[in-house]
Amino acid sequence: QDFHLHEVGPMIAGSLLGIGTASLLLMSLPTLYDQEQVIERLLGVLILAFIAYDVLIPVLPQLRDGWGYGLGWVGGVLARLYNLGGPPAVMYAHARGWQPHTFKGNLQIYALINGSIVLLARALHGEFTATVLGYYLLALPAVTFGLACGYLLDRYINQTKFRKFILILLFLVGLQLLL
């Protein structure tokens, strides 16, 4: 009920194009994974610059839908190449000023669609191995626990605290990508 297709549709469309673009790149440039550190550091700088802008200029500009296509495309490329599709989507949602329930509802559906298409692309590209499936099964209980905790704690977090929490998480992701 907190998902609004008209709000997240541009991101989904952009992401699908980004996943396709990255899949084509992987087929034609098999050494692309060697550039992972450069791309991760650039993303880290982008995230930290976004946070600095948000802190220094507390009123973010309201991004139009066109930005959703562009940031969705970047998210799709990053999701397909490095499983890092979330930060561009979070930055878009944050700059759109979505209320916490809309923020979570839209991003959950976006992540589900984006992740499903990435998984399909990975399967078609022959990237599933016993090791990958083992890590997936190992992570599944922690993911389930995290989802349950988020669902239970959701009603206790106000909008201001939620916004700060998202910025802190983005900051930590940005730092991790730089290090």
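Our subject is the structure listed above.
Here the structure is a predicted model, which means the values were calculated and not measured. (Residues numbered from 1 in each chain as written. Predicted model: local features only at pLDDT ≥ 70, side-chain atom pairs only at ≥ 80, totals over all residues. Heavy atoms only, no water.)

(A) View of the packing of helix H4 (residues 86-96) against helix H7 (residues 159-178). For the pair H4 and H7, the least separation of the axes is 11 Å and the interaxial angle reads 150 degrees. Taken together, the axes of H4 and H7 lie roughly antiparallel to each other. Crossing angle aside, the handedness with which H4 passes H7 is left-handed. In this structure, H4 contributes Pro-87, Val-90, Met-91 and His-94 to the contact, and H7 contributes Arg-163, Ile-166, Leu-167, Leu-170 and Val-173. Tallied by class, the residues present in the contact of H4 with H7 amount to 7 nonpolar, 1 polar and 1 charged. (Axes fitted to C-alpha atoms, helices over the stretch in contact; angles between N-to-C directions. Helix = DSSP H or I, 4+ residues; strand = E, 2+ residues; numbered from the N terminus. Parallel < 35°, antiparallel > 145°, perpendicular 65-115°, else oblique. Left-handed = near helix turned anticlockwise from the far one by under 90°. Contact = heavy atoms within 4.5 Å. Nonpolar A, V, L, I, M, F, W, Y, C, P; charged D, E, K, R; others polar.)

(B) Representation of helix H6 (residues 130-153) in the model. In this model, H6 (24 residues) spans 35 Å end to end at C-alpha, consistent with the 34 Å of a helix rising 1.5 Å per residue. Ala-139 marks the point of greatest bend in H6, at about 35 degrees, and the proline Pro-141 comes within the next four residues. (Expected span 1.5 Å × (residues − 1). Bend = angle between axes of the 7 residues up to and from the residue.)

(C) Broad picture of a nonpolar patch on the surface. A cluster of nonpolar side chains, Phe-165, Ile-168, Leu-169, Phe-171, Leu-172, Leu-175 and Leu-179, forms an exposed patch at the surface whose accessible area comes to about 690 Å². Along the chain, the position of Ile-168 falls in helix H7. (Patch = residues over 30% accessible without salt bridge, like charges linked within 9 Å, V, L, I, M, F, W, Y side chains within 5 Å. Areas by Shrake-Rupley, 256 points an atom, 1.4 Å probe, with all protein chains shown as cover. Salt bridge = Lys/Arg side-chain N within 4 Å of Asp/Glu carboxyl O.)

(D) Just the side chain of Glu-127, in detail. Tracing the backbone through its elements, the reader meets Glu-127 in the loop between helix H5 (100-124) and H6. Within the local environment of Glu-127, its side chain forms a polar contact with the side chain of Arg-80, the two groups lying 2.8 Å apart. Among the polar contacts made by the side chain of Glu-127, one reaches the side chain of His-125 at a distance of 2.9 Å. (Polar contact = N/O pair within 3.5 Å; in protein donor to acceptor, adjacent residues only side chain to side chain.)

(E) Molecular detail of the pattern of salt bridges. Taken as a whole and assessed by the stated rule, the structure comprises 2 salt bridges. Taking the shortest distance from any N to any O, the salt bridge between Glu-127 and Arg-80 comes out at 2.8 Å. Placement of Glu-127 in the loop between H5 and H6 and of Arg-80 in helix H3 (residues 65-82) is noted, with a sequence separation of 47 residues between them. Take Glu-127: its relative accessible area is 19%, and that puts it in the buried class. By relative accessible area, which is 0% here, Arg-80 ends up buried. A single salt-bridge network, built from bridges that share partners, covers Arg-80, Arg-122 and Glu-127. (Buried < 20%, exposed > 50% of the residue type's maximum accessible area, 1.4 Å probe, protein only.)

(F) Region of interest: the nonpolar core. Core analysis: the largest hydrophobic core is formed by 29 residues, its most contacted members being Met-11, Ile-47, Trp-98, Phe-103, Leu-107 and Leu-170. Elements represented by at least two residues in this core include exactly helix H1 (5-28), helix H2 (36-56), H3, H4, H5 and H7. (Core = buried A, V, L, I, M, F, W, Y, C linked by side-chain atoms within 4.5 Å.)

(G) Structural context of the environment of Val-118. Inspection of the secondary structure assignment puts Val-118 in helix H5. Residue Val-118 is classed as buried on the basis of its relative accessible area of 5%. Non-local contacts of Val-118, meaning those with residues more than four positions away in its chain, are made with Ile-19, Ala-79, Arg-80 and Asn-83.

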